[in-house]
Amino acid sequence: MITDIFTTQHARDLDQACSDLALQATNEEKKQLLEYLTQLLKWNKTYNLTAIREPKQALVQHVFDSLAIIAPLLKHIKEQNLNTIRILDVGSGAGLPGVVIAIMIPNTEVTCVDTVGKKMTFVRQIAGVLKLSNLSAIQSRVEQLKAEPYDIVTSRAFSSLVDFAQLAGEHVKKDGVLLGMKGKEPHQEIEELEKNTNWHVDKIENLNVPELNAQRCLVWMKKKEHND
Ligand SMILES: C[S@@+](CC[C@H](N)C(=O)[O-])C[C@H]1O[C@@H](n2cnc3c(N)ncnc32)[C@H](O)[C@@H]1O
């Protein structure tokens, strides 16, 4: 056993997933990912933080799914020449993808926001247990947060792209991006976003999540220029 829930086989599956995603995760980072899930599944028994209760399912659907955005994020951070990167994870729930980003990209400062207090208490607990000084959590509706400039605002399973842009767009700094994790390419949502907001889709990346037989994509959105 690696933790009291995850076995050496799970650890091998995680190694393979990192390699499939071209991620050079350190042993410490992989240990932190498994410890995060261990804590999540333990807390879940009392606090009902996620519908996924089975360890392998949680590994694939929560951690591998979130790991799939790390390489695209690293590429963006390098291209933008960003040093300390401020990220807001909206409707973060038990910290997805926020916690995974904070573990895998140490030069980020990740703030998770969610309306549900027990979820943000859990994320704060994780920051303490895993000694992640770059992770914090705020209990609030995102639209009631004081507007602050973040380089990147992420969401997974939060809302339509239009609602995401309308509720969270003001937290993106000039030249920053909104990053929506989606299932299959959401054509209708994209059309509505372009028509009804001052945001446009900059690019869509298809993601291959290891061991997950489902379509996933990452939608990058930028604010329209005045003459767009
Ligand atoms: C389906 S869950 C997704 C959680 C997490 N991102 C994940 O992928 O597992 C959506 C989350 O959004 C939160 N939420 C809904 N509306 C919100 C709002 N206006 N501001 C902040 N959080 C919100 C809910 O409390 C819930 O935890």
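Residues numbered from 1 in each chain as written. Predicted model: local features only at pLDDT ≥ 70, side-chain atom pairs only at ≥ 80, totals over all residues. Heavy atoms only, no water.

As a matter of local geometry, the ligand sits amid 15 residues, with G91, L96, D114, V142 and R156 nearest to it. Between R141 and the ligand, the recorded distance is 3.4 Å, taken from a side-chain N or O atom to a nitrogen atom. Contact distances for the ligand include 2.9 Å between a nitrogen atom and a backbone N or O atom of V142. Contact with the protein chains hides 77% of the accessible area of the ligand, taken as 600 Å² for the molecule alone. Residue composition of the shell around the ligand, by class: five nonpolar, five polar and five charged. (Near = heavy atom within 4 Å. Polar contact = N/O pair within 3.5 Å; in protein donor to acceptor, adjacent residues only side chain to side chain. Areas by Shrake-Rupley, 256 points an atom, 1.4 Å probe, with all protein chains shown as cover. Nonpolar A, V, L, I, M, F, W, Y, C, P; charged D, E, K, R; others polar.)

Attention shifts here to the side chain of Q32. In this fold, Q32 is placed in helix α2 (residues 27–47). Apart from residues lying up to four places away in sequence, Q32 is in contact with I103, L130 and L132. (Helix = DSSP H or I, 4+ residues; strand = E, 2+ residues; numbered from the N terminus. Contact = heavy atoms within 4.5 Å.)

Closest axis-to-axis distance for the helix α7 (residues 161–168)/helix α8 (residues 187–196) pair is 8 Å, and the angle between their directions is 40°. It follows that α7 is oblique to α8 by the angle criterion. Every residue of α8 that contacts α7 at L161, V162, A165 and Q166 is listed here: E189, I190, E192, L193 and N196. Class assignment for the residues of the contact of α7 with α8 results in five nonpolar, two polar and two charged. (Axes fitted to C-alpha atoms, helices over the stretch in contact; angles between N-to-C directions. Parallel < 35°, antiparallel > 145°, perpendicular 65-115°, else oblique.)

Examined at the domain level, the protein chain breaks down into domain 1 (8–64) and domain 2 (69–223). Here domain 1 meets domain 2 over a buried area of about 2200 Å², counting both sides, of which 72% is carbon and sulfur. Area buried by domain 1 at its contact with domain 2 is led by Y36, W43 and L49, which between them contribute 28% of it. On inspection of domain 1 and its partner domain 2, the count reaches one salt bridge. Across the salt bridge formed by E211 and K56, the nearest N and O atoms sit 2.8 Å from each other. On inspection of domain 1 and its partner domain 2, the count reaches six residue pairs in polar contact (both at pLDDT 80 or more). When residues of the side of domain 1 that touches domain 2 are traced back to their parent elements, those giving at least two are α1 (8–20), α2 and α3 (55–67). Tallying contributions element by element places α2 first for the side of domain 1 that touches domain 2, with nine residues. (Domains from an automatic or database assignment. Buried area = accessible area lost by both parts, 1.4 Å probe. Salt bridge = Lys/Arg side-chain N within 4 Å of Asp/Glu carboxyl O.)

One pass over the structure, following the stated rule, counts four aromatic pairs. Aromatic side chains W43 and Y47 sit 5.2 Å apart centroid to centroid with 40° between the ring planes, which places their arrangement in the tilted category. Taken together, the residues span about one helical turn, with W43 and Y47 both in helix α2 at a distance of four residues. Taking the relative accessible area as the measure of exposure, Y47 reaches 38% and is therefore partly exposed. R86 extends its terminal NZ or CZ atom over the ring of Y150, reaching a point 4.4 Å from the ring centre. (Phe/Tyr/Trp six-rings, centres within 6.5 Å; stacked < 30°, edge-to-face > 60°. Buried < 20%, exposed > 50% of the residue type's maximum accessible area, 1.4 Å probe, protein only. Lys NZ or Arg CZ within 6 Å of the ring centre and 35° of its normal.)

Let us now look at the nonpolar core. Core analysis: the biggest nonpolar cluster contains 60 residues, and Y36, F64, L67, M104 and L135 have the highest contact counts within it. In terms of residues, this core owes the most to one element, α2, which gives seven residues. Mapped onto the domain boundaries, this core takes at least three residues apiece from domain 1 (8–64) and domain 2 (69–223). Setting aside its immediate chain neighbours within four residues, F64 contacts D13, L14, A17, L21, L59, V209, P210 and E211. One finds L88, V153, V172 and V219 within the second-largest nonpolar core, a separate group that totals 21 residues. (Core = buried A, V, L, I, M, F, W, Y, C linked by side-chain atoms within 4.5 Å.)

Turning to the pattern of salt bridges, a few remarks are in order. In the structure shown here, the tally under the stated rule is 15 salt bridges. Between D15 and K30 there is a salt bridge, with its nearest N and O atoms 2.8 Å apart. Here K30 lies in helix α2 and D15 lies in helix α1, a separation of 15 residues in the sequence. Residues E28 and K31 are paired through a salt bridge, measuring 4.0 Å at the closest nitrogen-oxygen approach. Taken together, the residues E28 and K31, both in helix α2 and three residues apart, mark about one turn of the helix.

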